[in-house]
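One letter stands for each residue in the lines below.
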Amino acid sequence: MFPSPAETRAQWAARLPGLDTSPMEVVAALKHAVGLLDQALDPLYEGACLTPAEIGTLVPLRHAARPLIARRLAERLGLSPAGVSKTLAKLEKRGLIARTPNPADRRSVLVTITEAGARTVDDLFPRQLATEGELLAGLGADREWVLGALRRLVEVMEGNRR
């Protein structure tokens, strides 16, 4: 069995007195929430033609007014350009996206979703949203408070990246 957060703090305090373990509480709660979300979505993606990462990459492309630069897509998703590039290669191989050289900058590529990719997103994403909706339904009136707290967390974290 894993130690409780209080036990973990006490263990660190014994080993490294003065160590500020307070960030661990926020990070552990975030990781736990993400783990619960992943567990809830696992049945949806069993046997599906996409992974959660792939659908997460396709969704911003689904309604993009124009092709997106791969690097900007990575920034928007908060992921590494290398990881997004690997995902895009898999999606392109399966005919779900198209990548073309950027005429304005030969070092980058423009990414668009194909009709097959759009159909796939239109089929799978609503089911993902329904699962997420069921998982979060218990928030009730606290939903706006949680959203505000998460927006604030993102704001603070983005400010510390600069």
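Residues numbered from 1 in each chain as written. Predicted model: local features only at pLDDT ≥ 70, side-chain atom pairs only at ≥ 80, totals over all residues. Heavy atoms only, no water.

**Q** Describe in detail the overall build of the protein, supporting the description with residues and values.
**A** Looking only at helices and strands, the protein features seven helices and three strands. Starting at the N terminus, the α and β elements of the protein follow one another as α-α-α-β-α-α-β-β-α-α. Taken against the 2.2 N^0.38 rule, which gives 15 Å for 162 residues, the C-alpha radius of gyration of the protein at 20 Å runs more than 25% over that of a compact globule. Principal-axis analysis of the C-alpha atoms places the extent of the protein at approximately 55 × 35 × 30 Å. In the protein, buried positions account for 22% of the 162 residues. Of all intrachain contacts in the protein linking residues separated by at least 6 positions in sequence, the fraction that spans at least 24 positions is 50%. About 11700 Å² of surface is accessible on the protein, with carbon and sulfur atoms providing 59% of the total. Counting 22 positive and 19 negative side-chain charges, the protein places the centres of these two groups 9 Å from one another. (Helix = DSSP H or I, 4+ residues; strand = E, 2+ residues; numbered from the N terminus. Rg over C-alpha atoms; globule rule 2.2 N^0.38 Å. Buried < 20%, exposed > 50% of the residue type's maximum accessible area, 1.4 Å probe, protein only. Contact = heavy atoms within 4.5 Å. Areas by Shrake-Rupley, 256 points an atom, 1.4 Å probe, with all protein chains shown as cover. Lys, Arg positive; Asp, Glu negative; His and termini not counted. Charge placed at Lys NZ, Arg CZ, Asp CG, Glu CD.)

**Q** Tell me about the nonpolar core, and name the residues and values.
**A** The biggest cluster of nonpolar side chains holds 21 residues, and the ones touching the most others in it are Leu50, Leu58, Leu61, Leu88 and Ile97. Looking at this core, the elements that each hand over two or more residues are helix H2 (22–45), helix H3 (52–62), helix H4 (70–77), helix H5 (81–93), strand E3 (109–113) and helix H6 (115–136). Ignoring any residue separated from it by four or fewer positions in sequence, one finds Ile97 in contact with Leu58, Leu61, Leu88, Leu91, Glu92, Val111, Thr112, Ile113 and Thr114. (Core = buried A, V, L, I, M, F, W, Y, C linked by side-chain atoms within 4.5 Å.)

**Q** Describe the sheet that holds strand E1 (residues 68–69), and please don't skip the residues or the numbers.
**A** Strand-to-strand pairing in sheets goes through backbone hydrogen bonds, with the strands running parallel or antiparallel. What the three strands build is an open sheet, ordered E1-E3-E2; its pairing is antiparallel. Of all the strands in the sheet, the pair left with one neighbour each is E1 and strand E2 (97–101). Here H3 sits on the sheet in contact with E1, E2 and E3, set at roughly 90 degrees to E3. (Pairing = 2+ DSSP bridges. Axes fitted to C-alpha atoms, helices over the stretch in contact; angles between N-to-C directions.)

**Q** I'd like a rundown of the side chain of Thr21, residues and numbers included.
**A** Here Thr21 is to be found in the loop between helix H1 (5–15) and H2. What Thr21 contacts, discounting residues up to four positions off in sequence, is Arg9 and Trp12.

**Q** Any chance you could break down the pattern of salt bridges for me, citing the residues and the numbers?
**A** Scanning the entire structure with this criterion turns up eight salt bridges. Among the ionic pairs, Glu54 bridges to Arg94, the shortest N-O distance being 3.0 Å. Highlighted residues: Glu54 in helix H3 and Arg94 in the loop between H5 and E2, separated in sequence by 40 residues. A salt bridge links Glu75 to Arg72; its shortest N-O distance comes to 3.6 Å. In this pair, Glu75 and Arg72 are both assigned in helix H4, three residues apart and thus about one turn of the helix distant. For Arg72, a relative accessible area of 43% translates into the label partly exposed. (Salt bridge = Lys/Arg side-chain N within 4 Å of Asp/Glu carboxyl O.)

**Q** Provide a residue-level description of the pairing of E3, including the pertinent values.
**A** Pairing geometry for E1 and E3, over two bridges, is antiparallel. Bridge pairing in E3 places Ile69 opposite Leu110.

**Q** Explain the packing of H3 against H6 to me, and be specific about the residues and the numbers.
**A** Two numbers describe how H3 lies on H6: the axes approach to 10 Å, and their chain directions differ by 115 degrees. Considering their axes alone, H3 and H6 lie roughly perpendicular with respect to each other. In this structure, the crossing between H3 and H6 has a hand that is left-handed. Contacts between H3 and H6 pair Ile55, Leu58, Val59 and Arg62 from the former with Ala118, Val121, Asp122, Leu124, Phe125 and Gln128 from the latter. Broken down by class, the residue content of the contact of H3 with H6 amounts to seven nonpolar, one polar and two charged. (Parallel < 35°, antiparallel > 145°, perpendicular 65-115°, else oblique. Left-handed = near helix turned anticlockwise from the far one by under 90°. Nonpolar A, V, L, I, M, F, W, Y, C, P; charged D, E, K, R; others polar.)

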